[in-house]
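Chain and residue survey
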Amino acid sequence: MEWASSIRRKAMARQHKAEVMIAGEQLRLKLHDGKLIKDRRYHLRTYPNCFVAQELIDWLVSHKEAPDRVTAVCLMQHLMDQDIVHHVCDKRSEFKDAKLLYRFRKDDGTFPFNTEVKIFMRGQRLYEHLIGDKHSILQLREELGVAYQRSFPGCQLIDWLLQNGEAESRRRGLELCRALQEHGIIQHVAKKHDFFDSGLLYQFCINFRRRRRLSELLNDSEQDNDEGTAASTHEDNHPESPFLLPKKQPLEADVGARKDLKQVISGRRSSMSSLQLHSAGFPPMVPLSLTPIIRCNPKSVLKIYYTCEELLAPGAPFTKRVLTVTGDALGWGFVVRGVAPCYVQAVDPGSPAAAAGVKVQQFLCQVNGQCVLYLDYRTVTTLVMTGPRIVVLEVMEPQEY
């Protein structure tokens, strides 16, 4: 009983984390739309994509997302505790109702893409793909005389993964599905079986399109009951909530990926590096503690920053290479930063990117034949994560390599 209770508590904690991530991302998009997030200057320094805490508290109260300023501060502190927002200089661990600058980690590429987050983003991307499919395998089905909406046989999900290039083999597909089940993304409809490549029915535990107030998540974090998983499949009753995503606007990830829940190309498939969302073929049941949380702003690895014109100048000290990176179950394994041109910030050791010859300080010229020299890292990330598993990169690297 104690073991079962521990498993249930972990599942509830993971689900709550997922709900907070979704609500936090919806809030971030709303604040961008409302121009509360923008570049700001302080002490002769410009801080990009940040917001003033005091202004945000005003906004939360005026939009009735919090009854008072104290509650609003508690809501934002909860996002800080979940590593969704942080002080721009990481000098404060508390959210203050003052003229201080804070930023969403997704806006500066410091979101902690540990294994749990990567699997979450992977599940989110698969969910969005399946929901948007005209002939989706998510249908009303029966098992043992009981009907279950948006359910699917395990064998059909693996078939779908193979057909859409999400898994290299049935074994890889099975590993991915079991990882999704272990982390509370999918489950057997009656919660009686592990995931099998069979006709048993399964469902997504989390409705990634669910609309929800962030204030409700605080209450959920204090509750430990079995209704959490079922509750996440129902639509929210607060259409006026500023945390809603317009139906026409898909929820990101991802970096998710989309896949950019950190807009970098590292976490594999959905995010793009080991720092991001390792998406496709997870190692069987990876412990959550393997990847440390990153809490600081990453510094550029470039010794000298070059413009596009300098890269293309005749006689420039660069070597052009074409690299083919075949993503595995976790993704591709590299991080991209910068704006026109983008460059490789980090490479996950042992990843497909490392094996293909991707190195830090390389500048990206083309992705799958498309010129990306004049694009920012967010756009480049999207190109990789929404493209095929095999990514062909044309890069330029300093000759001193």
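Scroll up for the structure.
Before going into details, it helps to say that this report is about the structure given with it. (Residues numbered from 1 in each chain as written. Predicted model: local features only at pLDDT ≥ 70, side-chain atom pairs only at ≥ 80, totals over all residues. Heavy atoms only, no water.)

Description of the pairing of strand β6 (residues 146-153)
Selection criterion: Each pair of strands is called paired provided DSSP finds at least two bridges between the two strands. Secondary structure counts use DSSP, requiring at least four H or I residues in a row for a helix and at least two E residues in a row for a strand, with both numbered from the N terminus.
Bridge count between strand β5 (residues 139-143) and β6: 4 bridges; the pairing is antiparallel. Across the sheet, the residue bridging to Arg141 is Tyr148, located in β6. In sequence, β5 turns back onto β6 through a hairpin of 2 residues, with Leu144 there showing a positive phi of about 55 degrees. Here β6 pairs with strand β8 (residues 201-204) via 3 bridges, running antiparallel. Across the sheet, residue Phe152 finds its bridge partner in β8, namely Tyr202.

Structural notes on the state of the cysteines
What counts here: Here, the term disulfide refers to a pair of cysteine sulfur atoms separated by no more than 2.5 Å. Buried, partly exposed and exposed residues are distinguished by accessible area as a fraction of the type maximum, computed with a 1.4 Å probe on protein chains only: under 20%, between the cut-offs, and over 50%, respectively.
Following the criterion strictly, the structure yields 0 disulfides and no others. No disulfide involves Cys365; its sulfur sits 7.5 Å from the nearest other cysteine sulfur, which is in Cys371. When its relative accessible area of 5% is taken as the criterion, Cys365 is described as buried.

Focus on the pattern of salt bridges
When the charged atoms of two side chains with opposite charge come close together, those side chains can pair. Quick note on the threshold: We count a salt bridge whenever a side-chain nitrogen from Lys or Arg sits within 4 Å of a carboxyl oxygen from Asp or Glu.
Under the counting rule described, the total for this entry stands at 18 salt bridges. Between Glu25 and Arg28 there is a salt bridge; the shortest N-O distance is 2.9 Å. Of the two residues, Glu25 and Arg28 are both situated in helix α1 (residues 2-33); the distance of 3 residues between them amounts to about one turn of the helix. Residues Glu25 and Arg28 agree in their burial class; the two are buried. One salt bridge connects Glu94 with Lys96, and the closest N-O pair in it is separated by 3.2 Å. Residue classification places Glu94 among the partly exposed residues on the basis of a relative accessible area of 44%. Through salt bridges with shared partners, a single network forms among Glu25, Arg28, Lys106 and Asp107.

Side note on the sheet that holds β5
Selection rule: Fitted lines through C-alpha atoms give the axes, limited to the stretch in contact for helices. The angle between two N-to-C directions lies from 0 to 180 degrees.
Across the sheet, which stays open at both edges, the 4 strands sit in the order β5-β6-β8-β7 with antiparallel pairing between neighbours. In the strand order of this sheet, the two ends are held by β5 and β7 (186-188), each with one partner. Each neighbouring strand pair of the sheet contributes to a mean axis angle of 60 degrees, computed without reference to strand direction.

Points about the packing of aromatic side chains
The line we're drawing: Only the six-membered ring of Trp is used, alongside the rings of Phe and Tyr, when aromatic pairs are assigned; centres must lie within 6.5 Å, and planes under 30 degrees apart are stacked while those over 60 apart are edge-to-face, with the rest tilted.
Counted by the stated rule, this structure contains 10 aromatic pairs. Centre to centre, the rings of Tyr127 and Phe204 are 5.2 Å apart; their planes meet at 75 degrees, and the pair counts as edge-to-face. Within this pair, whereas Tyr127 is found in helix α5 (residues 115-132), its partner Phe204 is found in strand β8, the two being separated by 77 residues in sequence. Phe204 matches Tyr127 in its accessibility class, with the two residues each being buried. Centre to centre, the rings of Tyr306 and Phe318 are 4.7 Å apart; their planes meet at 85 degrees, and the pair counts as edge-to-face. Of this pair, Tyr306 sits in the loop between α9 (227-231) and α10 (308-312) while Phe318 sits in strand β9 (residues 318-326), and the two are 12 residues apart along the sequence. A network of ring pairs unites the aromatic residues Phe51, Phe95, Tyr102 and Phe104 as a single cluster.

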